[in-house]
Each structure stands twice: as structure tokens, then as C-alpha cells.
Amino acid sequence: FNPVVTIVDRLLGTTTTRETGLYIAAQVVGGCIGAMVANLMFELPAVELSTRQRSSPALWLSEVVATIGLLLVIQG
């Protein structure tokens, strides 16, 4: 899922610090591999550096809202 979910699990004592580190590493690697596979599915280079800035207050707000929603679903 989201590394924030893993960090919350650690704060709640559900996982150990070692497990948390391994989960986050696996999530980051999985996300990178998933992005590469998605690019290949659309006949794009597997890895390509972006020339467009993709950051805005609205984007960050949407990430926060989605993460809170995910935490509520998983922890609720």
C-alpha cells in the first residue's frame, strides 16, 4: 500500500522497526517497477525523465486526502 500506512502500523505497534523498513523498501521498489511496466504497456520507454513539473497545492491536497481515506479504510 502506501508507506504512510506502514508508518502508522509501526506507531501503533503492529509491526517492528525492521519490518517497517523492509515493507517501505518493498513498496518503493514495487512502485518503481509498476511505473516501468505501465510505461511499457503504453509503448513508452521503461524509464524516462520528466521535463514537466508535476507539483501544485491541489496535487498535494489530493494526496493527503487519499492517504487519510486509505488509513481510515484500513485502520477503521
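Throughout, residues of each chain are indexed from 1 in the direction in which the sequence is written. Since the coordinates come from a predicted model, pLDDT governs what is reported: local features require at least 70, and pairs of side-chain atoms require 80 or more to be given and counted, while whole-chain, interface and lining totals use all residues. Only heavy atoms go into the side-chain values, all of them from the structure, while hydrogens and water stay out.

On to the overall build of the chain. Starting at the N terminus, helices and strands are each numbered in turn, a helix being any DSSP run of H or I of at least four residues and a strand any DSSP run of E of at least two. Scanning the chain from N- to C-terminus turns up 3 helices and 0 strands. Between the two quantities, the radius of gyration covers C-alpha atoms and the globule rule is 2.2 Å times the number of residues to the power 0.38. Here the C-alpha atoms of the chain give a radius of gyration of 15 Å, more than 25% beyond the 11 Å that 2.2 N^0.38 yields for 76 residues. A principal-axis box enclosing the C-alpha atoms of the chain has dimensions of 40 × 30 × 20 Å. Throughout, a contact is declared for two residues whenever any of their heavy atoms are within 4.5 Å. A sequence separation of at least 24 residues applies to 48% of the contacts in the chain between residues at least 6 apart. Accessible surface, the chain as shown: approximately 6,200 Å² in total, 69% of it carbon and sulfur. Where accessible areas are quoted, they stem from the Shrake-Rupley method and a 1.4 Å probe; at the residue level, only the protein chains shown are allowed to cover.

Next up on the list: the packing of helix α1 (residues 3-11) against helix α3 (residues 57-75). For any two helices packed against each other, the geometry comes down to the angle between their axes and how far apart the axes lie. It is the contact of α1 with α3, at a shortest axis distance of 10 Å, that shows an interaxial angle of 50°. Put simply, α1 runs oblique to α3. Every pair of crossing elements has a handedness; the one defined by α1 and α3 is right-handed. Residues Val4, Val5, Val8 and Asp9 of α1 form the contact with α3, whose participating residues are Thr67, Leu70, Leu71, Ile74 and Gln75. Convention adopted: a line fitted to C-alpha atoms gives each axis, helices being fitted over their contacting stretch, and angles between N-to-C directions are expressed from 0 to 180 degrees. We call two directions roughly parallel when the angle between them is under 35 degrees, roughly antiparallel when it is over 145, roughly perpendicular when it lies between 65 and 115, and oblique otherwise. Each crossing is labelled by how the near helix is turned from the far one, with a counterclockwise turn of less than a right angle marking it left-handed and a clockwise turn marking it right-handed.

Let us now look at helix α2 (residues 17-41). Under the convention used throughout, the expected extent of a helix is 1.5 Å for every residue step, that is, one less than its residue count. Relative to the 36 Å expected for 25 residues at 1.5 Å per residue, α2 spans 36 Å between its end C-alpha atoms, a close match to the ideal helical length. Phi turns positive, to about 55°, at Glu43, one or two residues after α2.

Turning our attention to the packing of α1 against α2. Contact geometry of α1 with α2 gives a least axis separation of 9 Å together with a crossing angle of 175°. What the angle tells us is that α1 and α2 run roughly antiparallel. Touching Pro3, Thr6, Ile7 and Arg10 of α1 are Thr17, Thr20, Tyr23, Ile24 and Gln27, all from α2. Of the residues in the contact of α1 with α2, the class split is 4 nonpolar, 4 polar and 1 charged. Amino acids outside the nonpolar list (Ala, Val, Leu, Ile, Met, Phe, Trp, Tyr, Cys, Pro) and the charged list (Asp, Glu, Lys, Arg) are all regarded as polar, and Gly is one of them.

Let us now look at the confidence of the model for the chain. Of all residues in the chain, 99% attain a pLDDT of 70 or more, and the chain-wide mean is 95. Across the chain, the element-wise mean pLDDT spans from 94 in α3 up to 97 in α2. On a scale of 0 to 100, pLDDT captures the predictor's confidence in every residue.

Let us now look at a nonpolar patch on the surface. Surface patches are defined over residues having more than 30% relative accessible area and no salt bridge, joining like charges when they lie within 9 Å and nonpolar side chains (Val, Leu, Ile, Met, Phe, Trp, Tyr) when within 5 Å. Whenever Lys or Arg places a side-chain nitrogen within 4 Å of a carboxyl oxygen from Asp or Glu, that contact is recorded as a salt bridge. Side chains of Val29, Ile33, Val37, Met41, Phe42 and Leu44 sit close together on the surface and give an oily, nonpolar patch of about 620 Å² of accessible area. Relative to the assigned elements, Phe42 resides in the loop between α2 and α3. Throughout this description, buried means an accessible area under 20% of the type-specific maximum (1.4 Å probe, protein chains only), exposed means over 50%, and partly exposed covers the range between. The class for Phe42 is exposed, based on a relative accessible area of 62%.

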